[in-house]
Every structure is written in structure tokens, then in C-alpha cells.
Amino acid sequence: MEEIKGSYLSSLRVNEQIGLLKQVITILRKFNVSTLELEAELLRLEGSTDQFEKSTSVLSEKEKTLELEEADGVVDAFVSSMKGYLKSLARNPKPEKNQPAGYLLGIFQQQGWEVEALPYEAESAVISKVDGIFKSNAAAAKALKDAMAEPFWDDVMEAEAKFLEIQQKRVVSAAEKATVMSSVVARREAQNACKALFKKINAFATVSPKPEYGQMINQINEIIEGKRAQLLARHTLAGKK
């Protein structure tokens, strides 16, 4: 009876390791693993793979801060662009141009003219208030339309929504942090779970008449052979450089 070949996990890149583990899980879930006495091992592999993936997807505090700063910069740029447009329009000699622009500038003056210089939370609060005025105040909504400034505000709100989304993702509770293993520990646990599962499948395949074990081995070996070929091609390419 053929056995599962070495998985080459330790030689693969992190994303490739996670991909291989997920492929193995997908294959085994096609079978009735409970009757094949593999449920416990598969559950262990699923859990450890999930932890492994989580541990590699957590951004560092520096990366999170940079991402948030960039998103805030986009919001600031759109707010500045809108205020610049309104100030220019307010100098237009035509009342139908300068009056709605002046009205809108007055709203910004009342709520916080230097909104771009405010801390994150304060800036978001001002933007939210201004947006509320535009939505609930008929005169403000009319001025926004008459000044043809709706596209400018749409840009602000779209950028603000993106900023808030990134900010929300950045907030990770202490409890959530505690559930995420270090990537080194998570990877080792996933590798050990995979090895234990392969060992049990190989052992059962030699003593059980059930054909499912052989089918599992063949399908898993196809994946592993593909990874082996990928590694070989990579090493060959590296040798030519």
C-alpha cells in the first residue's frame, strides 16, 4: 500500500504552507472521517491551521498606524479640496454662485474649520456632524446642490468610511490578542498536527480493508507532488541567478 509522501511543509513559504494544509483539509472533509477514526486528528489540524493563518495576518502596530495615517491623509485631502473649491466659488460675483458657497463655508466655520488638524476621533465627529446637517437641513442640502459641491462631499464621505473601517480593524481587544498564537508556535503546531494525521492515515491504510484510506493517500500525494515540483523549479531558478 502506498503511503503519504513527506509534506515538504518546512520548505514551503508561509502562504504555501497554509494553502497546502487547507487543501488537505478540503480533501479529507469529502470523506466520512468519523467512521474512519480520523475526526479528532482532522479537528486538530483545522484548529491549528486556523490559528496559523490568524497569526500571519495580524499587522504589526507600526503597519497598522501607517495604514491609518494614510487613510486619514486621504480624508484630509478631500476636505481641503472641498474647502478650497468653496472659497474660490465664494469669490464669484454671481449671487447664485457665491451665496451657497458662503453658506457651506459658514457650516464648516461653525463645526470646526481646521478639521484636518484635529485628532482622529474629533475629526470624525466633525465630519459626522457636517454630514448630518447636509442630510437633515433642507437649506444646507440645497446649498450643497446649488454649489455643485455634492461630488466633493461624496469623496469626503467615501474616504471617511474607508478610514473608519481601517480604524475598526485596528482595534483588537486584549482577549482577541490572547487567542492568537505567535506565528512560530502556530506554524509548529499546524505542522505537527499534519504529520500526526498523515501518520495515522498511513497506519490505517496498511491494516484496514476500507478503500477510502487509499483514496485519501492518492489525492493528498497529488497535492504534495505539485508542491515538490514547485520547490524544485524554485531551486533551479535560484541556481541560475
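Just so you know, the residues in each chain are numbered from 1, in the order the chain's sequence is written. In view of the model being predicted, local features appear only for residues whose pLDDT reaches at least 70, and side-chain atom pairs are presented and counted only at 80 or more, with totals across whole chains, interfaces and linings using the full set of residues. Neither water nor hydrogens contribute to the side-chain values; these are computed over all heavy atoms in the structure.

## So, the environment of Lys227
Thought 1: With respect to the helices and strands, the residue Lys227 is situated in helix α10 (residues 212–240).
Thought 2: Overall, the relative accessible area of 14% leaves Lys227 in the buried class.
Thought 3: In this description, contact between two residues means that some pair of their heavy atoms is separated by no more than 4.5 Å. Dropping the residues within four chain positions of it, Lys227 is found in contact with Leu12, Glu16, Leu20 and Gln23. Strands are runs of DSSP state E lasting at least 2 residues, helices are runs of H or I lasting at least 4, and numbering of each runs from the N terminus. Think of it in three bands: residues with accessible area under 20% of the maximum for their type are buried, residues over 50% are exposed, and the middle band is partly exposed, with areas taken using a 1.4 Å probe on protein chains only.

## Some points on the packing of helix α4 (residues 95–112) against helix α6 (residues 138–146)
Thought 1: Axis definition: a line fit to C-alpha positions, over the contact stretch in the case of helices; interaxial angles, taken between N-to-C directions, run 0 to 180 degrees. For the pair α4 and α6, the least separation of the axes is 9 Å and the interaxial angle reads 130°. Comparing the axis directions of α4 and α6 gives the class oblique. In the packing of α4 onto α6, the handedness of the crossing is left-handed. Taken together, the residues of α6 that come into contact with α4 (itself represented by Glu96, Pro100, Tyr103, Leu104 and Ile107) are Ala139, Ala140, Ala143, Leu144 and Asp146.
Thought 2: Grouping the amino acids of the contact of α4 with α6 by side-chain chemistry returns eight nonpolar, no polar and two charged. The scheme is simple: roughly parallel for angles under 35 degrees, roughly antiparallel for over 145, roughly perpendicular for 65 to 115, oblique for anything else. Crossing handedness is defined as follows: a turn of the near helix away from the far one that is anticlockwise and smaller than a right angle gives a left-handed crossing, while the clockwise case is right-handed. In this count, Pro and Cys sit with the nonpolar residues alongside Ala, Val, Leu, Ile, Met, Phe, Trp and Tyr, while Asp, Glu, Lys and Arg are called charged and the others, Gly among them, polar.

## Re the confidence of the model for the protein
Thought 1: Per-residue confidence from the predictor is reported as pLDDT, a score between 0 and 100. Per-residue confidence for the protein gives a mean pLDDT of 88, with 89% of residues at or over 70.
Thought 2: Of all the helices and strands in the protein, helix α8 (residues 174–178) carries the lowest mean pLDDT, 52, while α6 carries the highest, 97.

## Section: α4
Thought 1: Helices are assigned an expected span. That span is 1.5 Å times one less than the residue count. Along its 18 residues, α4 runs 25 Å from first to last C-alpha, staying within 8% of the 26 Å computed at 1.5 Å per residue.
Thought 2: The set of residues buried in α4 consists of Pro100, Ala101, Leu104, Leu105, Ile107, Phe108 and Gly112. One side of α4 holds all its buried residues, which, seen down the axis, span an arc of 145°. Across from the buried face of α4, at angles greater than 90 degrees, the exposed residues are Gln99, Gln109 and Gln110. Along the arc lie the directions from the helix axis toward the C-beta atoms.

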